Amino acid sequence: MKLKLQPLLLALTVINLGLFGYVVSQQGAVAAPGDDGILRGKGLQIVDNSGQVRASISLHPAEKLKDGSIYPETVLLRLITPDGRPSVKLSTTQVGSGFSFTDGTGLSYVQLLVQNDDPKLNIVDKAGKKISTLP
């Protein structure tokens, strides 16, 4: 009986090796759909050598605020100082966009906003006092 199983086992081994070889050879031939060299995702973070996030692009879903109003979906770009403070922000929503530059401590800043066709420019000094507001 032992002699009759050897040809069967040998045939199964050869078939398995053939299937394995076929599967391995096909791995290189499969391309991702839309393989155009563009990174796609729901966010991006750039970190420094210590793993600290230094820049990010994120998509924030719309959310209901405590007063019942809806804050629209927002795309936000942040450039962040080594101590973790966002000093440059650029954002856009369905109703407008804006950017701000801070001194890195968050006390003084320049902010330009355009919402619902209403542009505003705010400049605040390090004491928190508004230097200029337009309009």
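Please refer to the structure higher up on the page.
Every value quoted in this text rests on a predicted model; they were computed, and no experiment measured them.

Participant: Which parts of the structure should I look at to understand the sheet that holds strand S7 (residues 96-102)?
Facilitator: Spatially, eight strands are ordered S1-S2-S5-S6-S7-S8-S9-S10 in an open sheet, and the strand pairing comes out antiparallel. Strands at the two margins of the open sheet, each flanked by one partner only, are strand S1 (43-47) and strand S10 (130-134). Pairwise comparison of adjacent strand axes, ignoring direction, gives a mean angle of 10° for this sheet. Summarising the sheet, strand S5 (residues 74-80) and strand S6 (residues 86-92) pair through six bridges and their orientation is antiparallel. Residue pairing across strands places Ile80 opposite Pro86, the latter belonging to S6.

Participant: Please explain the side chain of Thr93 as it appears in this structure.
Facilitator: On the secondary structure map, Thr93 appears in the loop between S6 and S7. A polar atom in the side chain of Thr93 sits 3.1 Å from the backbone nitrogen of Val95.

Participant: What is the right way to look at the pattern of salt bridges in this model?
Facilitator: For the coordinates displayed, the defined rule picks out three salt bridges. Salt-bridge contacts for Arg54 lead to Asp48; the nearest nitrogen and oxygen are separated by 3.8 Å. Judged by its relative accessible area of 28%, Arg54 is partly exposed. Classification of Asp48 by relative accessible area gives partly exposed; the value is 23%. For Asp118, the salt bridge identified is with Lys120, shortest N-O distance 3.7 Å. Residue Asp118 is classed as partly exposed on the basis of its relative accessible area, which comes to 35%.

Participant: Quick question: what am I supposed to make of the environment of Thr81 here?
Facilitator: Considering the arrangement of structural elements, one finds Thr81 in the loop between S5 and S6. Put simply, Thr81 and Ala55 are 26 residues apart on the chain and 8.8 Å apart in space, counted from C-alpha to C-alpha. Not counting the four nearest positions on each side in its chain, Thr81 is found in contact with Arg54, Ser87 and Gly104. A polar side-chain atom of Thr81 sits 2.3 Å from a polar atom in the side chain of Asp83.

Participant: How should I be thinking about the pairing of S5 in this particular structure?
Facilitator: Consecutive side chains along a regular strand alternate between the two faces of the sheet. Sheet topology note: the strand S2 (residues 53-60)/S5 ladder contains six bridges and is antiparallel. Paired with Ile57 across the two strands is Leu77, which belongs to S5. Following S5, the chain reverses through five residues before pairing antiparallel with S6; Gly84 in that reversal takes a positive phi of roughly 90°.

Participant: Teacher, can you tell me more about the packing of aromatic side chains here?
Facilitator: Centre distance and the angle of the planes are the two values used to describe a pair of aromatic rings. Overall, the coordinates contain one aromatic pair when judged by the stated rule. When the ring of Phe99 is compared with that of Phe101, the centres are 5.1 Å apart and the planes differ by 65°; the resulting orientation is edge-to-face.

Conventions we followed
Residues numbered from 1 in each chain as written. Predicted model: local features only at pLDDT ≥ 70, side-chain atom pairs only at ≥ 80, totals over all residues. Heavy atoms only, no water. Pairing = 2+ DSSP bridges. Helix = DSSP H or I, 4+ residues; strand = E, 2+ residues; numbered from the N terminus. Axes fitted to C-alpha atoms, helices over the stretch in contact; angles between N-to-C directions. Polar contact = N/O pair within 3.5 Å; in protein donor to acceptor, adjacent residues only side chain to side chain. Salt bridge = Lys/Arg side-chain N within 4 Å of Asp/Glu carboxyl O. Buried < 20%, exposed > 50% of the residue type's maximum accessible area, 1.4 Å probe, protein only. Contact = heavy atoms within 4.5 Å. Phe/Tyr/Trp six-rings, centres within 6.5 Å; stacked < 30°, edge-to-face > 60°.

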